[in-house]
Amino acid sequence: AHMIFVTSLTALAACSTVPWKNKSAALKLETVEKLKIAQSDRQATLVLLGRPDRTFELKESSDEIWLFFEGKFNATRLSLSFDSKTGLLQVIGWFVRESDLEADLEKSKQRYHEANFTRREADWINPHAGPDEVYFSDDKLGFEIEYGKSRQKVKSLTWRSPGILQ
């Protein structure tokens, strides 16, 4: 159930490129890394990152989603999911740009050198096209790198509670 939620969150955030008036300040990965799953709450996140560009509630789970956009096309840079009851952070999704150092898989792995990565190919869903994604995850840390094989670039970095990646 968590994998479906995270996949739908990633797909939704990746498609969220609609204009929005309140642009957030330029986000830095180093700042986002200060957030802690199941510890950081909405207020602490507001203080650290400022107001998100868009918020909404997922009907299926009633989780509160925050999106932060950047660039001329307002592409999603960061997505956060909070438990609507506790207000605690559940999922962090950082969308890597091709110009980021972390777009290089080896550099991403070096940055998170404490991780013991397991490689997993994306499931074959579309009978007409093979999946492009490969996931490098550490379930004990609750961290995952999504890598695109065709462009040979990291697509996203995701943090969630340990034990729910698979």
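Just above, that's the structure.
First, a word on scope: everything that follows refers to the structure included in this document. (Residues numbered from 1 in each chain as written. Predicted model: local features only at pLDDT ≥ 70, side-chain atom pairs only at ≥ 80, totals over all residues. Heavy atoms only, no water.)

### Side note on the packing of aromatic side chains
Moving on, step 1. Tallied over the full model, the rule gives six aromatic pairs.
Moving on, step 2. Measuring from centroid to centroid gives 4.4 Å for Tyr112 and Phe143, while their planes differ by 40°, and the two rings are tilted. One end of the pair, Tyr112, is in the loop between α4 (105–111) and β5 (118–121); the other, Phe143, is in strand β7 (residues 143–148), and 31 residues separate them in sequence. Across the pair, Phe143 and Tyr112 agree in class, each one buried.
Moving on, step 3. Both rings, one in Tyr112 and one in Trp159, keep their centres 6.0 Å apart while their planes meet at 75°; by these two values the pair is edge-to-face. One end of the pair, Tyr112, is in the loop between α4 and β5; the other, Trp159, is in strand β8 (residues 153–160), with 47 residues separating them in the sequence. Judged on exposure class, the residue Tyr112 and its partner Trp159 are both buried. (Phe/Tyr/Trp six-rings, centres within 6.5 Å; stacked < 30°, edge-to-face > 60°. Helix = DSSP H or I, 4+ residues; strand = E, 2+ residues; numbered from the N terminus. Buried < 20%, exposed > 50% of the residue type's maximum accessible area, 1.4 Å probe, protein only.)

### Looking at helix α3 (residues 42–49)
Moving on, step 1. For α3, the side-chain oxygen to backbone nitrogen distance between the N-cap and Gln43 is 3.3 Å, and the N-cap itself is Asp41.
Moving on, step 2. Positive phi appears at Gly50, one or two residues downstream of α3, with a value of about 90°. (Polar contact = N/O pair within 3.5 Å; in protein donor to acceptor, adjacent residues only side chain to side chain.)

### Re the layout of surface pockets
Here the idea is plain: a probe the size of a water molecule rolls over the atoms and shows the empty space left.
Moving on, step 1. Roughly 280 Å³ of internal volume is contained in the second largest pocket.
Moving on, step 2. Forming the boundary of the second largest pocket are 14 residues, of which Leu35, Lys36, Leu141, Phe143 and Trp159 lie nearest the centre.
Moving on, step 3. Of the residues contributing to the lining of the second largest pocket, the split by class is nine nonpolar, one polar and four charged. (1 Å grid on protein atoms, 1.4 Å probe; cavity = no way out; pocket = protein on both sides within 12 Å on 5 of 7 lines; lining within 4 Å. Points joined across faces, edges and corners; volume = space filled by probe spheres on them. Nonpolar A, V, L, I, M, F, W, Y, C, P; charged D, E, K, R; others polar.)

### Overview of the sheet that holds strand β4 (residues 89–95)
Moving on, step 1. Taken together, the eight strands give an open sheet; going across it, the order is β1-β2-β3-β4-β8-β7-β6-β5, and neighbouring strands pair in antiparallel fashion. Here the strands that pair on one side only, and so sit at the sheet edges, are β1 (54–57) and β5. For this sheet, the mean angle separating the axes of adjacent strands, direction not counted, is 20°. (Pairing = 2+ DSSP bridges. Axes fitted to C-alpha atoms, helices over the stretch in contact; angles between N-to-C directions.)

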